[in-house]
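# Structural overview for review
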Amino acid sequence: MEVLLESEEQMARSKSKNKGKRQRPNGPRVPLPAAVAEQTGRLLTERESEWLKRLVHDPASFAVVEREVHDQARRQADLYVAGLLGRTT
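In this text the structure is predicted, and so the values were computed from the model without any measurement.

## Things to note about helix α2 (residues 33-57)
- Over its 25 residues, α2 runs 36 Å from end to end, which matches the ideal 36 Å to within 8%, given 1.5 Å per residue.
- Along α2, the sharpest change in direction is near 35° and occurs at glutamate 48.
- Three or more residues of α2 are buried, namely Pro33, Val36, Thr40 and Trp51.
- Elements that come into contact with the buried residues of α2 comprise α3 (62-88).

Right, here's the structure in full:
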């Protein structure tokens, strides 16, 4: 069975107040967990210099940078779990 993620349109609709009936996801295929793990390292490494520059120039931005790192890691963790679930079907 092919497992798909929600499309951008579906995600936007689910965040609105008029949720209505949920539809079957019609976005891209769920990636394999190993691919997500590799992507996670790459994404964090790519953003590292940006985060470091902001912290050096504005140490008070720590809370914002910390939130961005956590948000990025959480999105990747969600993809990883989706990949695990996709492998079970």
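Having seen it, we continue.
## Description of the pattern of salt bridges
- Tallied over the full model, the rule gives six salt bridges.
- Linking aspartate 71 and arginine 74 is a salt bridge whose minimum nitrogen-to-oxygen distance equals 2.8 Å. Placement of both aspartate 71 and arginine 74 in helix α3 is noted, with a separation of three residues, approximately one turn of the helix.
- Via salt bridges that share partners, Arg47, Glu50, Arg54 and Glu68 belong to a single interconnected network.

## Brief notes about α3
- With 27 residues, α3 should cover 39 Å at 1.5 Å per step; its first-to-last C-alpha distance of 39 Å lies within 8% of that length.
- Here the buried face of α3 lies against α2.

Rules and cut-offs
- Counting from 1, residues in each chain are numbered in the order their sequence is written.
- Local features are withheld for residues below a pLDDT of 70 in this predicted model, meaning they are given only at 70 or higher, and side-chain atom pairs are given and counted only at 80 or more; totals for whole chains, interfaces and linings count all residues.
- Where side-chain values are given, they derive from all heavy atoms of the structure, hydrogens and water being excluded.
- A run of DSSP states H or I qualifies as a helix once it reaches four residues; a run of E qualifies as a strand once it reaches two. Both are numbered from the N-terminal end.
- Helix span, expected: 1.5 Å multiplied by one less than the number of residues in the helix.
- Bend is computed residue by residue as the angle between axes fitted to the seven residues ending at the residue and the seven residues starting at it.
- Buried means the residue's accessible area, taken with a 1.4 Å probe over protein chains only, is under 20% of the maximum for its type, while exposed means over 50%, and partly exposed covers the values in between.
- Pairs of residues are marked as contacts when any of their non-hydrogen atoms sit within 4.5 Å.
- When a carboxyl oxygen of Asp or Glu is within 4 Å of a side-chain nitrogen of Lys or Arg, the pair counts as a salt bridge.

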